[in-house]
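Chain and residue survey
Here is what each chain is made of, one letter per residue.
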Amino acid sequence: MKKIINTSIILLTAAIITLAFTPNEASADKAGCDAFLYIANNSLFEINLTIDGFPSGNLLVGKNKTYTVTLAGDTGKRIKVKAEYLDPDYIDPKTINYVTKTKLECGMSDTIYVAFSK
């Protein structure tokens, strides 16, 4: 009886340790994860931002903000940012397109500095 209890305790402990240290499925953890994009407006104009085709509001002169970008899968993605500003010398707004330096993956971040001058 004592031998059966000792054996069952050892097997139960081994099973708990195995389950605790088993890695989770990587693709399941990364599905729908977030990456972060820090954008600083160092220009003389207020800018309107469009991140990956979605309007993301405006950013005032001298301000910065961190945007969260949701990635659909477990592959990296380059994020496209369109900065649009109203130049007082022109009727139509001017735009500059930015792309992140690297492909962002889950939990990664990148920085974009916007600087328009005359």
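What comes next concerns the included structure. Starting afresh in each chain, residues are numbered from 1 along the sequence in its written order. Note on the predicted model: pLDDT of at least 70 is required for a residue's local features to be given, and 80 or more for side-chain atom pairs to be given and counted; whole-chain, interface and lining totals, by contrast, use all residues. For the side-chain quantities, the full set of heavy atoms in the structure was used; hydrogens and water were omitted.

Here's the deal with the sheet that holds strand 3 (residues 54–59)
Here we have four strands laid out as an open sheet, ordered 3-2-5-6, and antiparallel in their pairing. Sheet topology places strand 3 and strand 6 (94–99) at the edges, where each strand pairs with a single neighbour. Each strand axis lies, on average, 25 degrees off the axis of its neighbour in the sheet, ignoring direction. Across six bridges, the pairing between strand 5 (residues 80–85) and strand 6 is antiparallel. Looking across to strand 6, one finds that Tyr85 is bridged to Lys94. We treat two strands as partners when DSSP finds at least two bridges between them. Numbering goes from the N terminus for both helices and strands, where a helix is a DSSP run of H or I of at least four residues and a strand is a run of E of at least two. All axes are obtained by fitting lines to C-alpha atoms, using only the stretch in contact for helices, and the reported angles, taken between N-to-C directions, cover 0 to 180 degrees.

Thoughts on the pattern of salt bridges
Salt bridge criterion: a side-chain nitrogen from Lys or Arg within 4 Å of a carboxyl oxygen from Asp or Glu. Following the criterion strictly, the structure yields two salt bridges and no others. A salt bridge links Asp52 to Lys77, with the nearest nitrogen and oxygen atoms 3.0 Å apart. In this pair, Asp52 is assigned in the loop between strand 2 (47–51) and strand 3 and Lys77 in the loop between strand 4 (64–70) and strand 5, connecting sequence segments 25 residues apart. Relative accessibility under 20% of the residue-type maximum defines a buried residue, over 50% an exposed one, and the middle range a partly exposed one, all with a 1.4 Å probe and only protein chains included. Residue Lys77 is classed as partly exposed on the basis of its relative accessible area of 38%. A salt bridge links Asp110 to Lys101, with the nearest nitrogen and oxygen atoms 3.6 Å apart. Residue class for Asp110 comes out buried when judged on its relative accessible area of 9%.

Some remarks on the pairing of strand 5
Along strand 5, the buried face is formed by Val81, Ala83 and Tyr85; none of Lys80, Lys82 and Glu84, which line the opposite face, is buried. Alignment of strand 2 against strand 5, held across five bridges, turns out to be antiparallel. Of the residues in strand 5, the one forming a bridge with Thr50 is Lys82.

Some words on the packing of aromatic side chains
Any Phe, Tyr or Trp ring, taking Trp's six-membered ring, that has another such ring centre within 6.5 Å forms a pair; planes under 30 degrees apart are called stacked, those over 60 apart edge-to-face, and the others tilted. Enumeration over the complete set of coordinates arrives at one aromatic pair. Judged by centre distance (5.0 Å) and plane angle (20 degrees), the ring pair of Phe45 and Tyr85 falls under stacked. Of this pair, Phe45 sits in the loop between strand 1 (34–41) and strand 2 while Tyr85 sits in strand 5, placing them 40 residues apart in sequence. Residue class for Phe45 comes out buried when judged on its relative accessible area of 13%.

Looking at the nonpolar core
Side-chain atoms within 4.5 Å link the members of a nonpolar core, which is a set of buried Ala, Val, Leu, Ile, Met, Phe, Trp, Tyr and Cys residues. Counting 21 residues, the largest nonpolar core has Ile39 and Val81 as its most contacted members. Elements supplying a minimum of two residues to this core: strand 1, strand 2, strand 4, strand 5 and strand 7 (109–114). Once you skip the residues sitting within four places of it in the chain, Val81 turns out to touch Leu37, Ile39, Leu49, Thr50, Ile51, Ile96, Asn97, Tyr98 and Ile112. In what follows, residue pairs with any heavy atoms lying within 4.5 Å of each other are defined as contacts.

Side note on unusual backbone geometry
Unlike most non-glycine residues, Asp52 shows phi in positive territory, near 55 degrees. Classification of Asp52 as partly exposed rests on a relative accessible area of 24%.

Structural notes on the environment of Ile47
Within the secondary structure, Ile47 sits in strand 2. Ile47 sits 35 residues away from Lys82 along the chain, and the two C-alpha atoms are 9.5 Å apart. Among residues more than four places away in sequence, those in contact with Ile47 are Asn41, Gly57, Asn58, Leu59, Ala83, Glu84, Tyr85, Val114 and Phe116.

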